[in-house]
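Here is what each chain is made of, one letter per residue.
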Amino acid sequence: MSPTIIRNVAGLRAHVAQLRASGKTIGMVPTMGALHQGHLSLVRAAKADGHAVVVSIFVNPTQFNDPKDLEKYPRTEDADIALLQTLDTEVVYAPNAREMYAEGFATNVHIEGITDSLCGVARPGHFDGVATVVSKLLLQCLPDQAYFGEKDFQQLAVIKRMVADLNIPVNIAGCPIMREADGLAMSSRNVRLSQEGRKNAVALITALKRAAQAIEAGENPHNLIQEEIANILKSGFDKLDYFELRASDNLELLKQLDRPARLFVAAFIDDVRLIDNMEVRAS
Ligand code: AMP
């Protein structure tokens, strides 16, 4: 069945009320469109949990610190809707910027601490934009559960903190990273890579895997990370924002593997910023 396309808050609330009246629970998947199998894995997870699924598609201008990145962000709504139809998505909520940010809009949701590192530093204002738009989407829809990918692990942590702090009555589910056959994390930005850039981009996951294995085997994280940064730069990447080992819960920087941890990387290739992360298991 084709999903119902809704473009405003009142329509969304009315439709969600109807779904609830017919006994359904609601799972929400917030996205910026240009959907790929990573997004669809979130929709499948929501379906598997038995929910009627609302997918939002909104390229949120306030989370782009770089206007060129916003301009170049792929927009493929018709193809997105066709993909969502194959998964029996009940609702596609695709508001325009005016609906989300009415004239006079003056609210900013800022989460402290967990945004003071990684993408929070590399992309000033990014997480304020994310937190503000996600709080709006959750309050507009009020789903039972909302699904986010571990691909954006810091974002997931920020949203969990926000939902707890603001008592937003929605469960937040984190879902594993979906990857291409060669290991590159799926991303809407991958379509912007040149053929060569796409091939070279595999260096990110190669570096993450090698570093994770060596750290798990007891080697010194600092030295390894320096080596892998050099490898990434030799493989066609122009610049790195970070490559760091951090605690999985509060994202504190770690010098050694003394608690559950993850490696986080962000780097530029072909002027495209790619991010990835990987769990590092303490023995
Ligand atoms: P975006 O459209 O990039 O804002 O992403 C929307 C949601 O899809 C976010 O929760 C992302 O973490 C998630 N997502 C994006 N790429 C992947 C991936 N490769 N695997 C799993 N989830 C993903």
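In this report, we go over the structure that sits alongside the text. (Residues numbered from 1 in each chain as written. Predicted model: local features only at pLDDT ≥ 70, side-chain atom pairs only at ≥ 80, totals over all residues. Heavy atoms only, no water.)

**Looking at unusual backbone geometry**
And then number 1: For L142, which is not glycine, the phi torsion reads 45 degrees and is therefore positive.
And then number 2: In this structure, L142 sits in the loop between α7 (126–141) and β5 (145–149).
And then number 3: With relative accessibility at 38%, the residue L142 sits in the partly exposed group.
And then number 4: The phi dihedral of L251 is positive, around 65 degrees, even though this residue is not glycine. (Helix = DSSP H or I, 4+ residues; strand = E, 2+ residues; numbered from the N terminus. Buried < 20%, exposed > 50% of the residue type's maximum accessible area, 1.4 Å probe, protein only.)

**Some details on the packing of aromatic side chains**
And then number 1: Counting across every chain of the model gives four aromatic pairs.
And then number 2: For K239, the ring lying beneath its charged end belongs to F268, and the centroid distance is 4.4 Å. (Phe/Tyr/Trp six-rings, centres within 6.5 Å; stacked < 30°, edge-to-face > 60°. Lys NZ or Arg CZ within 6 Å of the ring centre and 35° of its normal.)

**Focus on the environment of L208**
And then number 1: Looking at where L208 falls in the secondary structure, it is placed in helix α10 (residues 203–216).
And then number 2: Residues L208 and D165 lie 43 residues apart in sequence; the distance between their C-alpha atoms is 32 Å.
And then number 3: Residue contacts for L208: discarding those within four places in its chain leaves F243, L263, V265, D276, N277 and M278. (Contact = heavy atoms within 4.5 Å.)

**Overview of a negative patch on the surface**
And then number 1: There is a patch of like negative charges on the surface, built from D66, E196, D238, D270 and D271.
And then number 2: For D270, a relative accessible area of 33% translates into the label partly exposed. (Patch = residues over 30% accessible without salt bridge, like charges linked within 9 Å, V, L, I, M, F, W, Y side chains within 5 Å. Areas by Shrake-Rupley, 256 points an atom, 1.4 Å probe, with all protein chains shown as cover. Salt bridge = Lys/Arg side-chain N within 4 Å of Asp/Glu carboxyl O. Lys, Arg positive; Asp, Glu negative; His and termini not counted. Charge placed at Lys NZ, Arg CZ, Asp CG, Glu CD.)

**Here's the deal with the state of the cysteines**
And then number 1: Under the defined criterion, the tally for this structure stands at zero disulfides.
And then number 2: The closest cysteine sulfur to the non-disulfide-bonded C119 is located on C175, 19 Å from its own sulfur.
And then number 3: Here C175 stays unpaired: no disulfide links it, and the sulfur of C141, its closest cysteine neighbor, is 16 Å away.
And then number 4: Residue C175 is classed as buried on the basis of its relative accessible area, which comes to 7%. (Disulfide = S-S within 2.5 Å.)

**Quick look at the pairing of strand β2 (residues 26–31)**
And then number 1: The element β2 is extensively covered by neighbouring structure, given that six of its six residues are classed as buried.
And then number 2: By the alternation rule, side chains of β2 split into I26, M28 and P30 and G27, V29 and T31, which are all buried.
And then number 3: Pairing of β2 with strand β3 (residues 52–57) involves six bridges; the strand directions are parallel. When the sheet's bridge partners are listed, I26 is paired in β3 with A52.
And then number 4: Taking the sense of rotation as the criterion, the β-α-β connection linking β2, helix α2 (residues 37–48) and β3 turns out right-handed.
And then number 5: Where β2 and β5 come together, two bridges link them in parallel fashion. Bridging across to β5, G27 finds its partner in Q145. (Pairing = 2+ DSSP bridges. Right-handed = clockwise from strand over helix to strand, strands pointing away.)

**Observations concerning the environment of P176**
And then number 1: Mapped onto the fold, P176 is located in the loop between β6 (171–175) and α9 (195–200).
And then number 2: Sequence separation of P176 and K151 is 25 residues, and the distance between their C-alpha atoms is 7.3 Å.

**Some details on the pattern of salt bridges**
Pairing is possible between side chains of opposite charge, provided their charged atoms come close.
And then number 1: According to the stated counting rule, one finds 16 salt bridges in the structure shown.
And then number 2: In this structure, D69 engages R123 in a salt bridge whose closest nitrogen and oxygen atoms are separated by 3.8 Å. You can see D69 sitting in helix α3 (residues 67–72) and its partner R123 sitting in the loop between α6 (119–122) and α7, a full 54 residues away along the chain.
And then number 3: Judged by relative accessible area, which is 11%, D69 ranks as buried.
And then number 4: Between D69 and R189 there is a salt bridge, with its nearest N and O atoms 2.8 Å apart. In this pair, D69 sits in helix α3 while R189 sits in the loop between β6 and α9, placing the two residues 120 residues apart along the sequence. The residues D69 and R189 share a single accessibility class, namely buried.
And then number 5: Within this structure, D69, R123, R189 and R192 form a network of salt bridges that share partners.

**Digging into the sheet that holds β6**
And then number 1: Reading across from one edge, β1-β4-β3-β2-β5-β6 is the order of the six strands in this open sheet, with parallel pairing throughout. The strands lining the two open edges of the sheet, one partner per strand, are β1 (4–6) and β6. Each strand of the sheet is rotated relative to its neighbour by a mean of 25 degrees, with strand direction disregarded.
And then number 2: The strands touched by α7 within the sheet are β2, β3, β4 (91–93), β5 and β6, with β2 carrying the most contacts at an inclination of about 150 degrees. (Axes fitted to C-alpha atoms, helices over the stretch in contact; angles between N-to-C directions.)

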